[in-house]
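Fold and contact review
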Amino acid sequence: MLRPRHSLTALVAIVQTTISVSGDVTLSGYFESLAGVAPVPTGVTGGVVLATNMALNTTTVHARLTVPAVLLNQGGVFHVGVHAQPCTYSSSSPRYVQLGIPSNGQTAPPNNEIWPSVNCSAGSPTCILVGANLIGRSTVSVPWVPDSASLTRLSAIVYFATGNGFNTSNLGARWLCADLAAPTHKSGSFTRVSRYTGTSPYSVGVGTVNVVTTPVSIASTLVLEVPQTLNGTASLNATMYIGTCSMNGISTRYQDATTSEHEHQIQITCNQSQCIGGSTNWWTPLPSAWYRGLTIIIDDQNGHKMLCADLVPPR
């Protein structure tokens, strides 16, 4: 199932808040079907993440698309272009252009446009077959940043594959669209797993974990502090589990079926009483997993579940 569309009012409010907090902006959105276009077949999912770096004056865009392999009888490349207006204007929204006007007849992505196209043609190293589905990824960077006003209304449109070539005059039919808004944030505070009987000094630690998810990625940062003086260093591991901390540490690890790095694991480094860690994976938990609940559990040095944090929206 494709994700519901962000309202334009909410999109503008979220992005303007993000821009006012920091010069750098990260936006993301899930692909959905376009108005007036036939419903998207079951199994088609994906999204886009756009990140700006003001210091380097660059914009990087990641795209991910899962498509049943049977749909690729017309070609293997899905052209994905960043557009200047939200999905509600998808039938008429022009491509976003840094300077000047869109160039038609171009057989390669113009330097003043952003095209994170997904290549699932035969032999493509950026697309893998998982069951009956092809999962494609793409990353592109441009040496410029969209103006701040445009960042409040950008979208990404997928053109249905009509072949492997690129031509701005013949991109194929507009098929999917994603409004670009701020990523989803979840966080949690660690508490001791009640069935834990170990003696690790870190079992009394106090700390939090913050998780940011986009349609194509998950990233976490973790901080833990022990309220007593410890000497030396230590290494701990944390893993994402499906379920809640009330399950008393008997939940199972969350696993993504689309990559070899299918678990979200955090390597934690402790220096005396301070511990920090972080991790990034290029997949995102399914909505059904968030509905059931997701947690981060820290193991002690012997691999026993020690501390647990439920991931919930910030209050």
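It should be noted that the structure appears before, not after, this text.
About the thresholds
Residues numbered from 1 in each chain as written. Predicted model: local features only at pLDDT ≥ 70, side-chain atom pairs only at ≥ 80, totals over all residues. Heavy atoms only, no water. Helix = DSSP H or I, 4+ residues; strand = E, 2+ residues; numbered from the N terminus. Buried < 20%, exposed > 50% of the residue type's maximum accessible area, 1.4 Å probe, protein only. Pairing = 2+ DSSP bridges. Axes fitted to C-alpha atoms, helices over the stretch in contact; angles between N-to-C directions. Lys, Arg positive; Asp, Glu negative; His and termini not counted. Salt bridge = Lys/Arg side-chain N within 4 Å of Asp/Glu carboxyl O. Contact = heavy atoms within 4.5 Å. Disulfide = S-S within 2.5 Å.

1. Quick word on the overall build of the chain
The helix and strand tally for the chain stands at two helices and 20 strands. Sorting the 315 residues of the chain into buried and exposed places 49% on the buried side.

2. Considerations on the sheet that holds strand S4 (residues 58–68)
In a beta sheet, neighbouring strands are held together by backbone hydrogen bonds and run either parallel or antiparallel to one another. Pairing in this open sheet of five strands is antiparallel, and the strands run S1-S3-S4-S8-S7 from one edge to the other. Every other strand in the sheet has two partners, leaving strand S1 (26–30) and strand S7 (127–130) as the edge strands with one partner each. Averaged over neighbouring strand pairs, the angle between their axes works out to 10° when direction is ignored. Judged from the 10 bridges that link them, S4 and strand S8 (residues 133–142) form a sheet pairing that is antiparallel. Within S8, the residue paired with His62 across the bridge is Thr139.

3. Comments concerning the sheet that holds strand S9 (residues 155–159)
Strand order in the open sheet made by the five strands is S2-S10-S9-S5-S6, with antiparallel pairing throughout. The sheet terminates laterally at strand S2 (32–33) and strand S6 (118–119), the two strands that pair on one side only.

4. Side note on the side chain of Lys186
With respect to the helices and strands, Lys186 occurs in strand S11 (residues 184–189). Comment: no salt bridge for buried Lys186; closest opposite-charge side chain is Asp310, at 11 Å. Setting aside residues no more than four positions away along its own chain, Lys186 makes contact with Val209, Asn210, Val211, Trp290, Leu311, Val312 and Pro313.

5. Focus: the state of the cysteines
On inspection of all chains with the given rule, the structure shows four disulfides. Here Cys87 connects covalently by a disulfide to Cys177, the sulfurs 2.2 Å from one another. Torsion about the S-S bond of the Cys87 and Cys177 cystine: about -90°, corresponding to left-handed handedness. Taken together, the residues Cys87 in the loop between strand S5 (77–83) and S6 and Cys177 in strand S10 (residues 174–179) connect sequence positions 90 residues apart. Taking relative accessible area as the criterion, Cys87 reaches 2% and is therefore assigned buried.

6. Focus on unusual backbone geometry
The backbone phi angle of Asn57 is positive, close to 55°, even though this residue is not glycine. Summarising the element assignment, Asn57 is placed in the loop between strand S3 (45–53) and S4. Residue Asn57 is classed as partly exposed on the basis of its relative accessible area, which comes to 41%.

7. Overview of the environment of Ile297
Mapped onto the secondary structure, Ile297 falls in strand S19 (residues 294–299). Between the C-alpha atom of Ile297 and that of Thr191, which follows or precedes it by 106 residues, the distance is 9.6 Å.

8. Quick look at the pattern of salt bridges
Taken as a whole and assessed by the stated rule, the structure comprises two salt bridges. Notably, a salt bridge pairs Arg95 with Glu113, separated by 2.7 Å at the nearest N-O pair. Of the two residues, Arg95 is situated in the loop between S5 and S6 and Glu113 in the loop between S5 and S6; the sequence distance between them amounts to 18 residues. Residue classification places Arg95 among the buried positions, given a relative accessible area of 11%. Overall, the relative accessible area of 3% leaves Glu113 in the buried class. Here Arg253 ties to Glu263 by a salt bridge, and the two come within 2.9 Å at their closest N and O atoms. Placement of the pair is Arg253 in strand S16 (residues 252–253) and Glu263 in the loop between S16 and strand S17 (265–271), with a sequence separation of 10 residues.

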